[in-house]
Amino acid sequence: MATASSVIVIRRARQEDLPALVAIFAADALGGHGDTTDPEAFADYVRAFTAIEASPEQTLYVAERGGEVVGTFQTMLTTTLTGRGSSAMIIEAVQTRSDMRGQGIGARMIEFAIAEAKGHGVRLVQLTSNAIRQDAHRFYERLGFKPSHLGFKMALK
């Protein structure tokens, strides 16, 4: 039987979740995104949260367990002319708090995102993962994702 402390609740992120989310991203040594818990940088996160929250195509989620934020992910809906004008969902910034990994939280978040995509009638769910994250690649493949494309990035700052 699931106890209240073992139930994973997925919900839209709220601004008051930002300190917990920033801490999760800042603790990610592999990401290389420059995230920090430095209070001087907090306004940058508030600005980004405000933009995400205002967008009808983007949603930032948190995973909660026992009232604590233990994971996060973001979804974006996009429509292209390819595929006869079909839509896709992009899943980004999937992170589980490091002390909570291996407990099914990541799988629950991805399952939730896929259910949301189905609810929107999209034809495809896609995500990218840093090439050095071999454990994450195995995780996504276990969930049914196939490595099908090679991605490219160009940093502008």
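## Comments concerning helix H1 (residues 18–26)
Okay, so step 1: The complete set of buried residues in H1 reads Leu18, Leu21, Val22 and Ile24. Along H1, the residues classed as buried sweep out an arc of 160° about the axis, all on the same side.
Okay, so step 2: Among the structural elements, helix H2 (42–54), strand S2 (58–65), strand S3 (68–79) and strand S4 (87–96) are those in contact with the buried residues of H1.

## Re the packing of aromatic side chains
Think of a pair of aromatic rings as described by two things: how far the centres are apart, and how the planes are tilted against each other in angle.
Okay, so step 1: Taken as a whole and judged by the stated rule, the model has 5 aromatic pairs.
Okay, so step 2: Measuring from centroid to centroid gives 4.8 Å for Tyr61 and Phe73, while their planes differ by 15°, and the two rings are stacked. Of this pair, Tyr61 sits in strand S2 while Phe73 sits in strand S3, and the two are 12 residues apart along the sequence. Side by side, Tyr61 and Phe73 carry an identical accessibility label, which is buried.
Okay, so step 3: An aromatic cluster of three or more residues is present, and its members are Tyr61, Phe73 and Phe112.

## Quick notes on the sheet that holds S3
Okay, so step 1: Strand order in the open sheet formed by 5 strands is S1-S2-S3-S4-S5, with mixed pairing between adjacent strands. Looking at which strands have only one partner, the edges of the open sheet turn out to be strand S1 (8–12) and strand S5 (124–127). Strand-to-strand, the axes of this sheet are offset by a mean angle of 25°, without reference to chain direction.
Okay, so step 2: Two strands pair when backbone bridges link them, and S1 and S2 are joined in this way by 5 bridges, in the antiparallel orientation. By the bridge assignment for S2, Ile8 is matched with Arg65.
Okay, so step 3: Packed on one face of the sheet, helix H4 (residues 105–119) meets S1, S2, S3, S4 and S5 and runs near 160° to S4.

## Quick look at the packing of H1 against H2
Okay, so step 1: Relative to each other, H1 and H2 sit at 110°, their axes nearing to 11 Å. One way to sum up the angle between H1 and H2 is to call them roughly perpendicular. Taking contact as the criterion, the partners of Leu18, Pro19 and Val22 in H1 are, on H2, Phe42, Tyr45, Val46 and Phe49.
Okay, so step 2: Partitioning the contact of H1 with H2 into residue classes produces 7 nonpolar, no polar and no charged.

About the criteria used
Residues numbered from 1 in each chain as written. Predicted model: local features only at pLDDT ≥ 70, side-chain atom pairs only at ≥ 80, totals over all residues. Heavy atoms only, no water. Buried < 20%, exposed > 50% of the residue type's maximum accessible area, 1.4 Å probe, protein only. Helix = DSSP H or I, 4+ residues; strand = E, 2+ residues; numbered from the N terminus. Arc of directions from axis to C-beta. Contact = heavy atoms within 4.5 Å. Phe/Tyr/Trp six-rings, centres within 6.5 Å; stacked < 30°, edge-to-face > 60°. Pairing = 2+ DSSP bridges. Axes fitted to C-alpha atoms, helices over the stretch in contact; angles between N-to-C directions. Parallel < 35°, antiparallel > 145°, perpendicular 65-115°, else oblique. Nonpolar A, V, L, I, M, F, W, Y, C, P; charged D, E, K, R; others polar.

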